[in-house]
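# Tertiary structure, described
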Amino acid sequence: MANGSASSPIKPHFLQPLLPGFHNHISIPISFYSKHIKGTTNEVVKLRSNGSDVTWEVKMDCRRLTHGWEKFATGHAFQVGDIVIFRHDGDLLFHVTPFGPSCCEIQYNDDDVDDGTSSSTLNLVLYWSLGRFCSYSHFKVETDTDCEKYHHQHTREAGSSSDDHSCFVARVTDSNIRKDALFLPLHFSRSNGFVNRECEIILLNEDEKPWTLFLKYHKTNGHVYIRRGWRSFCQANQKRVDDVLTFKLVKAGRKPVLQLRASVYNRASSSSSPTSQDRFVTLTLKKYHFKSCKLSLPVPFVMANGIKNVRKVILVDRYGGKRTTSLKPDDKYGRMRLGKGCIRFCEANGVKVDESFRLELIKENRENHLLKFCSKV
């Protein structure tokens, strides 16, 4: 069985999310293909994983992995929402590491993967936070599809079949933020009657908060796009360049409504529940925290517990006393900072400078989030 780590700093990697329809093919990112593969005459890549001793051969058509990919994906029980990391070991041999919806690596027992000779089921063991892995590995997700004939590079259909065009996937880019406009996939627009229309359109975020934008039609090239509010929608919902968003048409008519769906890049409203260990975080009180009157929660903790859109939290001290403090974005990477009440909270719990302490996140309901003091570390 192959024994490779997804975090190897030596061999090149790329990462792809599994979107609806992924069984048909998966694409190698443009930058990775250009740097490591372009120019090769071999049309077959080999895939290996920690789940099997088998080496799988998959046809490579331009940047697409096609014939043989479905068998590999089915054998490893991949699902929509998983993230797959490909490590290039040279000579078009890739070691593949999958991560589940919980942002944790999927590990297999020796007999878990179906290589076509058995019908065993998948036994999952989750152990490692992908958020932390990605934060120091500086991965970028690319969804460009230059092998397709569709003109626009940053939106695509997300339906699981050819007759399902209620969803599309879009990538936030420097260009569409700067122009304050997002182009919609042509087939999505045609299938839902958006061609030759100009009207208001509502975007709902994951919490169903509405933003009113405008649907425009470009008569010269036939493209449909939304504008005058796209930039503010992204900024208000902390969507950054290279984030991949899935939208679903939930209401047609005179004023269409698009709902932002939870995805692997939007853990705040993910349906998967955090593990018990994800609820705990360890912080260290430093001298400069007294001057700034704030403490920051790390990105993996924020993303695993879906609190990046939460704006206040209740701090519960060791004696059961409660105080409410603000929770605001601390930087562009996703850290969240506690407000001024956090320093008085530390003092109430006897935490001194350079001492570490452990907190537990408790969600009473959708509005109330508690950070409970557990102990010093």
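If you check an unreviewed UniProt entry, the protein appears there as TF-B3 domain-containing protein from Brassica carinata.

### Observations concerning unusual backbone geometry
The backbone phi angle of Asn196 is positive, close to 65°, even though this residue is not glycine. Take Asn196: it is sitting in the loop between helix H5 (186-191) and strand E13 (199-204). Positive phi, normally seen in glycine, also occurs at Gln238, with a value near 60°.

### Things to note about the packing of aromatic side chains
On inspection of all chains with the given rule, the structure shows 20 aromatic pairs. Consider the rings of Phe72 and Phe78, whose centres lie 5.9 Å apart with planes at 75°: the pair is edge-to-face. For the pair Phe72 and Phe78, one class covers both residues: buried. One aromatic cluster in this structure is built from Phe14, Phe32, Trp56, Trp69, Phe72, Phe78, Phe86 and Phe94. The ring of Phe214 has Arg228 sitting right over it, with the charged end atom 4.2 Å from the ring centre. For Arg358, the ring lying beneath its charged end belongs to Phe280, and the centroid distance is 4.2 Å.

### Let's talk about the side chain of Gln16
Checked against the element boundaries, Gln16 lands in strand E1 (residues 13-17). On the accessibility criterion, Gln16 (6% relative accessible area) is buried. In this structure the side chain of Gln16 is engaged in a polar contact, spanning 2.6 Å, whose partner is the backbone oxygen of Ser27.

### Here we look at helix H9 (residues 341-348)
Residues lying three or four places apart along an α-helix face the same way, a consequence of the helix completing one turn every 3.6 residues. Regarding H9, the residues found buried are Gly341, Cys342, Ile343, Phe345 and Cys346. At the exit of H9 stands Gly350, carrying a positive phi of roughly 75°.

### Observations concerning the sheet that holds strand E21 (residues 322-329)
Pairing within the open sheet is mixed, and its 7 strands lie in the order E18-E23-E24-E20-E21-E22-E19. Among the strands making up the open sheet, the edge pair consists of strand E18 (280-284) and strand E19 (295-297). Strand-to-strand, the axes of this sheet are offset by a mean angle of 35°, without reference to chain direction. The sheet contact formed by strand E20 (residues 312-316) and E21 spans 5 bridges and is antiparallel. Pairing of Val316 across the sheet is with Lys322, part of E21. Against the sheet, H9 makes contact with E19, E20, E21, strand E22 (336-338), strand E23 (356-363) and strand E24 (369-376), and its axis sits at roughly 135° relative to E21, the strand it touches most.

Definitions and limits used
- Along each chain, residue indices are assigned from 1 in the same order as the chain's sequence is written.
- Residue-level local features of this predicted model are given only where pLDDT is at least 70; pairs of side-chain atoms are given and counted only at 80 or more, and the full residue set underlies all totals for whole chains, interfaces and linings.
- Hydrogens and water are ignored here; the side-chain numbers use all heavy atoms of the structure.
- Secondary structure elements follow DSSP: runs of H or I no shorter than four residues count as helices, runs of E no shorter than two count as strands, and numbering proceeds from the N terminus.
- Only rings of Phe, Tyr and Trp enter the pairing, Trp through its six-membered ring, and a pair is recorded when the two centres are within 6.5 Å. The plane angle decides the type: under 30 degrees is stacked, over 60 is edge-to-face, the rest tilted.
- The classification of residues rests on relative accessible area computed with a 1.4 Å probe and restricted to protein chains. Under 20% of the type maximum is buried, over 50% is exposed, and intermediate values are partly exposed.
- Here, over-ring charges are defined by two tests on the NZ atom of lysine or the CZ atom of arginine: distance to the ring centre within 6 Å, and angle to the ring normal within 35 degrees.
- Pairing of N or O atoms within 3.5 Å defines a polar contact, subject to two protein rules: one partner must be a possible hydrogen donor and the other a possible acceptor, and residues neighboring in sequence count only if both atoms are side-chain atoms.
- Each pair of strands is called paired provided DSSP finds at least two bridges between the two strands.
- Axis angles are defined between N-to-C directions and span 0 to 180 degrees, where every axis is a line fitted to C-alpha atoms and, for a helix, only to the segment in contact.
- Contacts are assigned to residue pairs that have any heavy atoms within 4.5 Å of one another.

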